[in-house]
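# Summary of the model geometry
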Amino acid sequence: MEQAKKEVLRYLGYRHQALEPALERTVEQCMAELRAAAGPRRVWRLFPVEPQEAGIRLGGTALVLGGGDIRRHLGAAEMAAVLAVTLGAAADALIRRWEHTDLTRSVILDACATQYVEELCDGVEREIREEAQKLGLEANSRYSPGYGDLPLEAQPGILGVLDAARRIGLTCTGSLILLPRKSVTALMGLFPKGEAASGGRGCEGCALRETCQFRKDGEPGGCESLA
Amino acid sequence: MKALLEEQILLFDGGMGTMLQQRGLEAGALPELLNLERPEVVTSIHAEYVRAGADIITANTFQAHELKLEGHSVEEAARAGVACARASGARYVALDMGPLGQLLEPMGTLGFARACEVYKRLAVAGADAGADLIVIETIFDLYEAKAAILAAKENTSLPVFCTMTFQEDGRTFVGCDPTTAAITLQGLGVDALGVNCSLGPAQLRPVVEEMLRRATVPVMVQANAGLPRGENGKTVYDVGPGEFAREILEMVDRGVRIVGGCCGTTPEYIRLLREGIRGRRPVRTAPVPVTACTSGSRTVILGGGVTVIGERLNPTGKKKLKQALRDGDMGYVIDEAIAQAEAGSDVLDVNVGLPEIDEPAVLCRAIREVQGVVSLPLQIDSADPAAIEAGVRCYNGKPVINSVNGKREVMEKIFPIAKKYGALVIGLTLDEEGIPPTAAGRFEIARRIRDTAVSYGIPEQDLLIDCLVLTASAQQEQVIETLRAIKLVKARLGLKTTLGVSNVSFGLPRRELLNATFLAAALGAGLDAPILNPLSAHYNQVLDAFRVLDGEDRDSRAFIAKYAEAAAPAEGPRPAGELSLREIILQGRREQAADKVRALLQSETALGIIDREFIPALDIVGGRFEKGEIFLPQLMQSAQAVQNGFEVIKAHMESAGEQRRPRGRVLMATVYGDIHDIGKNIVRMILENYGYEVVDLGKDVPVQTVVDTIRRQGIRLAGLSALMTTTVESMRDTIAAVRAAGLECSFFVGGAVLNEEYTRFVGADYYAKDAMESVAIANRFFHQ
């Protein structure tokens, strides 16, 4: 929980300022409240990777993912794991409800939700690594639409191959925003042992580097510099 | 079909997706296109189910709607789908309507009216193609079910079945429980309701049993073949046909009348069901009639305790609410709704009746906003039948209508609405002759209202009678008649009662004492649902006490928890505190700000406090934030302290008749398609702190709304936010449209993906990297 709290504070822009006990307590309460309200669900599936001219096709599906970045991420993989995680509509409702009466609380809850969904993704990632292990493969890191040149336009297709609306109630608006809001979709590559890219997460490979708030705020190492 | 349901168990088919995948359909591809591209494959699957013994074949039209289809029209896909089903030799063909794949407002961005249109097109296409019924299935949002049901019933004459999908916790993805689903769906007039998909039959049993207890129409179950798991890249299910049939037939023995299969089921599952059904006849269930209203996720059943209806969302006598409604500012409405919910209301009355507003439109907006933050059922209150219908239509759940009375003309207008949407209705015991002076006279009107409602097909338990209170100061002898009338209505008609309590004390001192005493007396007479101000301590004390006395508060637990420690003053006066206002703000002690400002107003002018206290303190806080000495929540706590102080200043200036001159007016909006508005809300608060007036258009704001508002209100500076690369486009469109309209307005923009480069791309004048920067921009813009 301490690690989780650190992460929440990091999302709130905390840089080792003096933190009064009352605020720290509020953060802890918000974490508990958010976790009690959320209805976390996840779904993931493995697909054979079929590199084609137009992009990376997930075998047995009509989904072809375009762009150089996803080719680098999955091109040499045998299989791709596609995953989706959501905290459900209740988490959104909780954040929205406080927006009106206590904006600070709402912002803190929002950060708690961001942290929680990441934590759940880490859990799914572990499951996938275990599965990869069983298949004699190893996995690289998670990669999501909106990173690099993998466009958000891939989102509906990803939800489609997972049947995510039916399985976990995850949908996507006409503007490609995932709803419920606190949700993530991602792709991991499964490679023969020793061939998975290091999975290092430095700024170099990060698609958010141009707009990263940490870098904007003068942290050259981005989010990693605060971990 | 309805007659058939009385006599026999109806058997639907099983999974289509499973069968298509066996034939090589790719995951994620739209199966509906196969109706056109490979009709013989679709028909062959249907035919297998016909051979297995299915009565009803579900056409392959689950997502054949205009939000999903590309390259083919809805009509083509639906026609081909129904034709494929018909060609299989099916006894009956059901048009299938699944979820739209987007969340509806307020959770999402798809409008209710738009959802109705999308479903309408599919429903009409299916009916034209010759479908025998419509099945709406795999729905997890009751609101979406309502859109589909209305579309089907308004535009076709086909029977409508509706099933929803539930999780292990007994709720849908958005929190709807089986009771709420059953009560709401049958109110909307479906011919059958139930559950499909979700889970295996064993896990669904509690959901089905709960529905059987509530449903007055046949219950339908199409379970999955257990839970899915991945096996060699394929999805497999863990319940075989034999076990599946056993479980489902047990449900049939408990009263389920329509069965079939969903994901993972195949013709073999249906064949075994057919064998089991042979020789079985529908089992009668005995649902207990209840008087209940619902929201999208909650049911309130009247009786068995006091149901409190919060009355505060009503502009009568409320200057601030009137102003907020005129300005289209829903913040005030939302705050009142949350406050009443937290004070223990069970239902909230919503009335926005003002002569100069478009009542139907404002009522719908208020309902949507309130339903976005509060899960209580609402009572839709208007004198205008058009507003009632608009409100009841756009409402998510089974609402209460406030009200009809014994006047024929009123009943003729309102009862058809109540019937169509399945609403509860309050009947006031008055008619063309006025309010009868005796209990017997009011009882007679109640009876007439009941009889008329029943003649419209409204179940009598969907009525609530209000025996009306007159003021003790003017018509003292009448007060007791109200109490007598309540007893009569309860005893002889068996209907539930409601009553607006506070009128009784009008014109007398110590109103709260009279009101509380009258409330106790009315509860004693059998009143079920008082309409009152739930924030009143006097009412709450009576309610808390009554709940002990009538046995609702078991072992007086709630009462003891609330009052045993009351010796220590929970909300006693806070220590005066030695902190200056500036320190209070700097430390973000927002609960102390209002008192301090009140004290300062004794010796300082309102403007003086803004200029000499708020702004310098905010500048310090802002500077610390810029330097990284404090982080966002700390900045916000200080801003909220100022905000609380500002409320006091505003009230003070209003009562002194002073006009507040804002430092400037700024429009703010989260652009069309985007719903991430926390950043915008932070900027709004800080700008207001600095004395700016903010016209906040909210989120997902259409381009034209921004253009119109800027023109109408002469706005010169506007802030737009967008979080996504996709919605940055919408930011550019908005700014371009304003410029094209020839309006002189400058723009600042912000949001996670924004930077200087994007700012140029969207054509904005300034980039605000955070809230403090927005203030700096506004200060430069208006004051240099």
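The shown structure was predicted, so the numbers you read here are calculated from the model rather than taken from an experiment. (Residues numbered from 1 in each chain as written. Chains lettered and ligands numbered in written order. Predicted model: local features only at pLDDT ≥ 70, side-chain atom pairs only at ≥ 80, totals over all residues.)

### Observations regarding the nonpolar core
Our working definition: To form a nonpolar core, buried Ala, Val, Leu, Ile, Met, Phe, Trp, Tyr and Cys residues must be joined through C-beta atoms within 7 Å. Buried residues are those with 20 or more other C-beta atoms within 10 Å of their own C-beta, exposed residues have 12 or fewer, and partly exposed residues lie in between; C-beta atoms are placed from the backbone. Elements are defined by DSSP. Helices are runs of H or I of four residues or more, strands are runs of E of two residues or more, and each kind is numbered from the N terminus. Here contacts are defined at the residue level, using C-beta atoms placed from the backbone and a cut-off of 7 Å between them.
Judged by nonpolar contacts, the single largest core of 338 residues is most densely connected at Ala80(A), Ala131(B), Ile134(B), Ile136(B), Val221(B), Val370(B) and Ile401(B). Tallying contributions element by element places helix α5 (residues 103-134) of chain A first for this core, with 14 residues. In this view, Ile401(B) contacts Ile380(B), Ile388(B), Val392(B), Ile414(B), Ala418(B), Ala423(B), Leu424(B), Val425(B) and Ile426(B); residues no more than four positions away in its chain are not counted.

### Some words on the packing of α5(A) against helix α26 (residues 678-689) of chain B
Put simply, the test is: Lines fitted to the C-alpha atoms define the axes, with helices restricted to the stretch that makes contact. Angles between their N-to-C directions range from 0 to 180 degrees. Angle categories: roughly parallel below 35 degrees, roughly antiparallel above 145, roughly perpendicular from 65 to 115, and oblique for all the rest. Throughout, a crossing is termed right-handed when the near helix is turned clockwise from the far one, and left-handed when it is turned anticlockwise from it by less than a right angle. The residue classification treats Ala, Val, Leu, Ile, Met, Phe, Trp, Tyr, Cys and Pro as nonpolar and Asp, Glu, Lys and Arg as charged. All others, Gly included, are polar.
Between α5(A) and α26(B), the shortest axis-to-axis distance is 11 Å and the interhelical angle comes to 155°. In terms of their interaxial angle, α5(A) and α26(B) are classed as roughly antiparallel. As α5(A) runs across α26(B), the sense of the crossing is left-handed. Contacts between α5(A) and α26(B) involve Leu103(A), Ser106(A), Val107(A) and Asp110(A) from the first element and Ile678(B), Asn681(B), Ile682(B) and Met685(B) from the second. Taken together, the residues of the contact of α5(A) with α26(B) break down into 5 nonpolar, 2 polar and 1 charged.

### Overview of α26(B)
Residue and element names in this part refer to chain B. The following threshold applies: By this rule, a helix spans an expected 1.5 Å times one less than how many residues it contains.
Between its first and last C-alpha atoms α26 spans 17 Å; for 12 residues at 1.5 Å apiece the expected length is 16 Å, and the two agree. Burial analysis of α26 places 10 of its 12 residues in the buried class, which makes it a mostly covered element. Here α26 has its buried residues at Ile 678, Gly 679, Lys 680, Asn 681, Ile 682, Val 683, Arg 684, Ile 686, Leu 687 and Asn 689. In the segment just after α26, Gly 691 is the residue with positive phi, at about 90°.

### Section: the interface of chain B and chain A
Interfaces are often described in size by the accessible area the parts lose on coming together. Contacts between the two partners involve 50 residues from chain B and, on the opposite side, 46 residues from chain A. Among the elements that make up the side of chain B that touches chain A, the one with the highest residue count is helix α25 (residues 632-655) of chain B (6 residues). Residues belonging to the side of chain B that touches chain A are distributed by class as follows: 24 nonpolar, 21 polar and 5 charged.

### Quick look at the packing of helix α4 (residues 39-52) of chain B against helix α11 (residues 267-277) of chain B
Residues and elements named next belong to chain B. Two numbers describe how α4 lies on α11: the axes approach to 8 Å, and their chain directions differ by 25°. Between α4 and α11, the angle falls in the class roughly parallel. Crossing handedness for the pair α4 and α11: right-handed. Residues Glu 48, Tyr 49, Arg 51 and Ala 52 of α4 lie in contact with α11, whose contacting residues are Pro 267, Ile 270, Arg 271 and Arg 274. Partitioned by chemical class, the residues of the contact of α4 with α11 number 4 nonpolar, no polar and 4 charged.

### Considering helix α20 (residues 537-549) of chain B
Residues and elements named next belong to chain B. The cut-off we apply is this: Each C-beta atom gives one direction from the helix axis, and the arc is the one those directions make.
Taking 1.5 Å as the rise per residue, α20 with 13 residues should run 18 Å; its terminal C-alpha atoms sit 18 Å apart, in good agreement. All of the buried residues in α20 are Tyr 539, Val 542 and Leu 543. Looking straight down α20, one finds that the buried residues subtend no more than 100° of arc, so they occupy a single side. Looking at the buried side of α20, the elements it contacts are α19 (511-525) and β20 (529-532). Count one or two residues on from α20 and you reach Gly 551, which has phi positive near 85°.

None of this, on its own, says anything about what the molecule does.
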